[in-house]
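Residues per chain are reported as follows:
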Amino acid sequence: MTRKSTGPKMRKRIFISSVQKEFAAEREFLKRFIENNPILSRFFSVFAFELDVPAADKTASEVYLDELSRCDIYLGLIGNDYGYEDAEGVSPTEREFDEATRLGLERLIMVKGGGDAKRRRKEKAFLQKVSAQLTWQAFADQNELLTNVYAALDSLLAGTGAYHLLPFDARPCDGTTLDDINEEKIRWFVKRARDERGLPLPLDISVYDLLAHFKLVDSRTKTPLNAAILLFGKDPQRFFIPSEVKCAYWHGPERIKPVASYKIYYGTLFDMADQALDFIMSKLDRRIGTRDHGPVAEASYEIPEKIVAEMIINGIAHRDYDSTGSVQVELFSDKILVMSPGGMNPSIKAEDLTKAHGSYPNNPLIAEVLYQARYIEKMGSGTTDMIRLCHENNLAEPLFEMGPRNCHVSLLRPGRRPQIITDDDTVEKSGQKSGQKSGQKSGQKTKDEIIRLISGNAMITQTELVEQLGINRSALTRHLSNLKKKGLIRRVGPDKGGHWEIL
């Protein structure tokens with residue numbers, strides 16, 4: 001029995017059911033993503049007991065069963081623990097499942113791990129009960145859970161005429177068939193994913209089975225989804241003209257023609273990421289080392305390849321593919337700039353990118369495949385990894401800027417700076433001589449203060465310097481780099497446990 005819809009203009013309400021303690025992070029993650037996603041939020045709202053119920057003069061069982069009766073979809077998360085048991089020895093999760101069955105709600109079940117090795121006895125019995133009534137999906141982590149839930153909600157909306165409102169990567173690509181998929185690219189991906197992530201799929205897997213495994217094909221019509229064409233298509237730009245990457249190299253700090261070098265790259269997302277990375281790395285300053293440690297002299301770049309790759313792949317993976325804009329990767333005399341069409345997921349803000357944060361990809365199906373090929377991570381750690389690498393290589397921190405139509409990430413090249421940058425990272429306009437003098441005086445005063453603080457405490461950390469100087473870490477990094485190049489200070493030992501020396 002299927003419960004009647006609450007009406008075409010009303011959102012369907014999802015009831016998340018699980019052992020709260022075991023799945024606290026997953027429950028909050030799903031609710032936050034679905035209700036902040038500009039598309040999914042049009043169709044669904046989410047009820048999670050601990051996040052939505054204020055104190056009330058009712059027992060918990062009365063509240064959750066009452067709330068369940070107001071929902072349309074039961075989303076059950078099954079793990080290892082059976083949870084609290086009532087007087088009859090039944091957990092709230094099982095009670096909720098039974099009530100959802102009685103009410104005729106749509107039931108979606110996600111099982112963590114899939115195996116029974118660590119599952120408690122009653123939880124095994126509960127899973128057997130569920131398995132006898134419906135099929136479920138296994139997941140290993142939050143992002144795979146999100147992918148499964150995404151696909152399940154997509155399936156519920158199928159046939160309702162809402163496909164054109166679904167997120168870009170989850171829509172079927174009209175006019176395509178499996179013949180539009182590049183089988184060689186599939187083979188390349190499977191081999192790489194097996195090597196990088198231990199993907200448990202055979203090298204000779206069929207095109208359809210590979211796409212089905214990653215939920216990149218409509219199971220009813222066998223039409224590849226948009227994500228499949230972008231990732232593995234023979235000619236993705238035939239269907240998505242703006243899915244290109246424009247690369248430019250400028251002589252100066254601004255876009256003043258003539259441009260030194262300009263390329264537009266096409267192909268799959270993998271192809272474009274690799275080509276854009278090669279373009280930038282070929283233009284950066286490079287130093288050739290010695291052959292002390294082998295027959296080949298190693299080359300080191302002014303900015304490590306991993307940092308540049310992270311900047312580029314983030315722009316490609318998380319852009320808005322409904323936009324007519326293109327990803328732009330530009331190298332100026334003083335910085336690298338990557339511009340990506342579309343805003344970030346509303347669940348995350350620019351300041352969140354500089355600290356540990358969850359992963360809220362705009363294109364989760366695309367993100368999963370890029371993760372398996374180790375082009376991205378799925379823990380929201382890409383930007384913090386970039387910052388860490390910048391610190392390790394004595395570079396300024398990247399600057400993240402978000403607008404309603406574009407996301408920008410820029411990184412200063414070492415030993416270079418925009419025409420004038422003050423301690424608060426404000427870029428002044430060229431030609432303002434008074435501002436230039438002021439910025440120079442302020443910068444010298446800060447450097448003098450850094451030397452004074454280091455002289456008084458050789459063990460002082462960069463965090464303590466930032467706090468005492470009242471500047472941000474990017475400005476501090478530039479000042480320290482400048483002082484080191486002038487031979488005024490040096491760092492002895494690692495960041496943690498080392499010390500400063502005044503020369």
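Residues numbered from 1 in each chain as written. Predicted model: local features only at pLDDT ≥ 70, side-chain atom pairs only at ≥ 80, totals over all residues. Heavy atoms only, no water.

Asker: Got a minute to help me understand the packing of aromatic side chains in this structure?
Answerer: Working definition: an aromatic ring pair is given by the centre-to-centre distance plus the angle between the planes. The final tally for this structure, using the stated rule, is 17 aromatic pairs. Judged by centre distance (6.3 Å) and plane angle (35 degrees), the rings of phenylalanine 189 and phenylalanine 270 are tilted. With phenylalanine 189 in helix α8 (residues 183–197) and phenylalanine 270 in helix α11 (residues 269–283), this residue pair connects regions lying 81 residues apart in the sequence. The class of phenylalanine 189 is buried, set by a relative accessible area of 0%. Taking relative accessible area as the criterion, phenylalanine 270 reaches 1% and is therefore assigned buried. Relative to tyrosine 375, the ring of phenylalanine 270 has its centre 5.0 Å away and its plane inclined at 80 degrees; by these criteria the two rings are edge-to-face. (Phe/Tyr/Trp six-rings, centres within 6.5 Å; stacked < 30°, edge-to-face > 60°. Helix = DSSP H or I, 4+ residues; strand = E, 2+ residues; numbered from the N terminus. Buried < 20%, exposed > 50% of the residue type's maximum accessible area, 1.4 Å probe, protein only.)

Asker: For this particular structure, what's the right way to read the sheet that holds strand β10 (residues 327–331)?
Answerer: Strand-to-strand pairing in sheets goes through backbone hydrogen bonds, with the strands running parallel or antiparallel. Taken in spatial order, the 6 strands make up an open sheet running β7-β6-β10-β11-β13-β12, and their pairing is mixed. Each having just a single partner strand, β7 (261–265) and β12 (399–402) make up the two edges of the open sheet. Neighbouring strand axes in the sheet, compared pairwise and without regard to direction, differ in orientation by 10 degrees on average. Pairing of strand β6 (residues 245–249) with β7, which is carried by 5 bridges, proceeds in the antiparallel orientation. Bridge pairing links valine 245 to tyrosine 265 in β7. (Pairing = 2+ DSSP bridges. Axes fitted to C-alpha atoms, helices over the stretch in contact; angles between N-to-C directions.)

Asker: Mind showing me how you'd approach the sheet that holds strand β3 (residues 73–78) here?
Answerer: The strand order across the open sheet formed by 5 strands is β2-β1-β3-β4-β5, and the pairing between neighbours is parallel. Of all strands in the sheet, those with a lone pairing partner are β2 (44–47) and β5 (137–139), marking the two edges. In this sheet, neighbouring strand axes are inclined to one another by 25 degrees on average, regardless of whether the strands run parallel or antiparallel. Sheet analysis places β3 next to strand β4 (residues 106–112), joined by 6 bridges and oriented parallel. Bridge pairing links leucine 75 to leucine 108 in β4.

Asker: What am I meant to see in the packing of α8 against helix α13 (residues 364–372) here?
Answerer: A pair of packed helices can be characterised by two numbers: the angle between their axes and the separation between those axes. The N-to-C vectors of α8 and α13 enclose an angle of 70 degrees; their axes lie 8 Å apart at closest approach. Relative to α13, the element α8 lies roughly perpendicular. Between α8 and α13, the residues in contact are Phe189, Ala193, Glu196 and Arg197 and Val369, Tyr371 and Gln372, respectively. (Parallel < 35°, antiparallel > 145°, perpendicular 65-115°, else oblique. Contact = heavy atoms within 4.5 Å.)

Asker: Quick question: what am I supposed to make of the nonpolar core here?
Answerer: Soluble globular proteins tend to bury their nonpolar side chains together. In terms of nonpolar packing, the biggest core is built from 94 residues, with Phe189, Leu210, Leu211, Leu216, Leu231 and Phe232 touching the most fellow members. Residue contributions to this core peak at 9 residues, all from α11. Residues Phe15, Phe97, Leu103 and Val130 belong to the second largest nonpolar core, which totals 21 residues. (Core = buried A, V, L, I, M, F, W, Y, C linked by side-chain atoms within 4.5 Å.)

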